[in-house]
Amino acid sequence: MAYTLGEAAKATGISKASISRAINSGRISAVKNESGSFSIEPVELHRVYPPKPSATVSETLRETMRNTDSDIGNTINSNVLQARLDAALEQLRDRDDTIGDLRQRLDRSDEERREAQARVIGLLAGPGPTESKRGFFGRLFGRPDE
């Protein structure tokens, strides 16, 4: 059963935009259907993004405390916590990328706004003073300015 983009986002806890960027960059392979939606294999998705944890952090901590006597339990919980940490760090990186992109767009739109304002002010000011109001023959034969 393949995921759609929305189902993949729910399954991993990662935003649809982040998963879409991962597909476009080639980190995740997906097939684009005739309808334009993506079909993502779960194995491929979870290779990059671990499944969304079903338990809360406090429940995980309690479980970790219960299993402190068992080396196997510690190893498993350590791996689960490491996977969650990796997923959280990936989300932070994606958010940082989004923030950087939005800052660039804001700077560009600010610059475009300033340029448009300068053009409008130039149009409102009207044309500058002309060199001479003399015609072609007046300039050709050197008639004095009127």
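Please refer to the structure placed before this passage.
Residues numbered from 1 in each chain as written. Predicted model: local features only at pLDDT ≥ 70, side-chain atom pairs only at ≥ 80, totals over all residues. Heavy atoms only, no water.

A.B. asks: Please explain the side chain of Ser-18 as it appears in this structure.
C.D. replies: Residue placement: Ser-18 occurs in helix α2 (residues 16-25). When neighbours within four sequence positions are excluded, Ser-18 is seen to be in contact with Tyr-49 and Asp-94. (Helix = DSSP H or I, 4+ residues; strand = E, 2+ residues; numbered from the N terminus. Contact = heavy atoms within 4.5 Å.)

A.B. asks: Hey, could you run me through the packing of helix α1 (residues 5-12) against α2 in this one?
C.D. replies: Packed helices, taken two at a time, are described by their axes: the angle between them and the distance between them. α2 packs onto α1 with a crossing angle of 110 degrees between their chain directions and a minimal axis gap of 9 Å. Judged on the interaxial angle alone, α2 and α1 are roughly perpendicular. Crossing of α1 against α2: the hand is right-handed. Where α1 abuts α2, its residues Leu-5, Gly-6, Ala-8, Ala-9 and Thr-12 lie against Lys-16, Ile-19, Ser-20 and Ile-23. Here the residues of the contact of α1 with α2 sort into five nonpolar, three polar and one charged. (Axes fitted to C-alpha atoms, helices over the stretch in contact; angles between N-to-C directions. Parallel < 35°, antiparallel > 145°, perpendicular 65-115°, else oblique. Left-handed = near helix turned anticlockwise from the far one by under 90°. Nonpolar A, V, L, I, M, F, W, Y, C, P; charged D, E, K, R; others polar.)

A.B. asks: Explain the pattern of salt bridges here, please?
C.D. replies: A side chain of one charge can pair with a side chain of the opposite charge if their charged atoms are brought near each other. In the structure shown here, the tally under the stated rule is six salt bridges. One salt bridge in this structure joins Arg-93 and Glu-90, with 2.8 Å as the shortest N-O distance. Note that Arg-93 and Glu-90 are positioned in helix α5 (residues 71-125) at a spacing of three residues, about one turn of the helix. For Glu-90, a relative accessible area of 14% translates into the label buried. Of the charged contacts in the structure, one is a salt bridge between Asp-110 and Arg-114, with a shortest N-O distance of 3.3 Å. Highlighted residues: Asp-110 and Arg-114, both in helix α5, separated by four residues, approximately one helical turn. Arg-114 sits in the exposed class, given a relative accessible area of 52%. Sharing partners across several salt bridges, the network here consists of Arg-27, Glu-90 and Arg-93. (Salt bridge = Lys/Arg side-chain N within 4 Å of Asp/Glu carboxyl O. Buried < 20%, exposed > 50% of the residue type's maximum accessible area, 1.4 Å probe, protein only.)

A.B. asks: Where do I start with a nonpolar patch on the surface in this structure?
C.D. replies: A surface patch of nonpolar side chains, about 500 Å² in accessible area, is lined by Phe-136, Phe-137, Leu-140 and Phe-141. What makes Phe-141 exposed here is its relative accessible area of 61%. (Patch = residues over 30% accessible without salt bridge, like charges linked within 9 Å, V, L, I, M, F, W, Y side chains within 5 Å. Areas by Shrake-Rupley, 256 points an atom, 1.4 Å probe, with all protein chains shown as cover.)

A.B. asks: For this particular structure, what's the right way to read α2?
C.D. replies: An α-helix turns once every 3.6 residues. As a result, residues three or four positions apart point the same way. Among the residues of α2, Ser-18, Ile-19, Ser-20, Ala-22 and Ile-23 are the ones counted as buried. Directly after α2, the chain includes Gly-26, whose backbone phi takes a positive value near 95 degrees.

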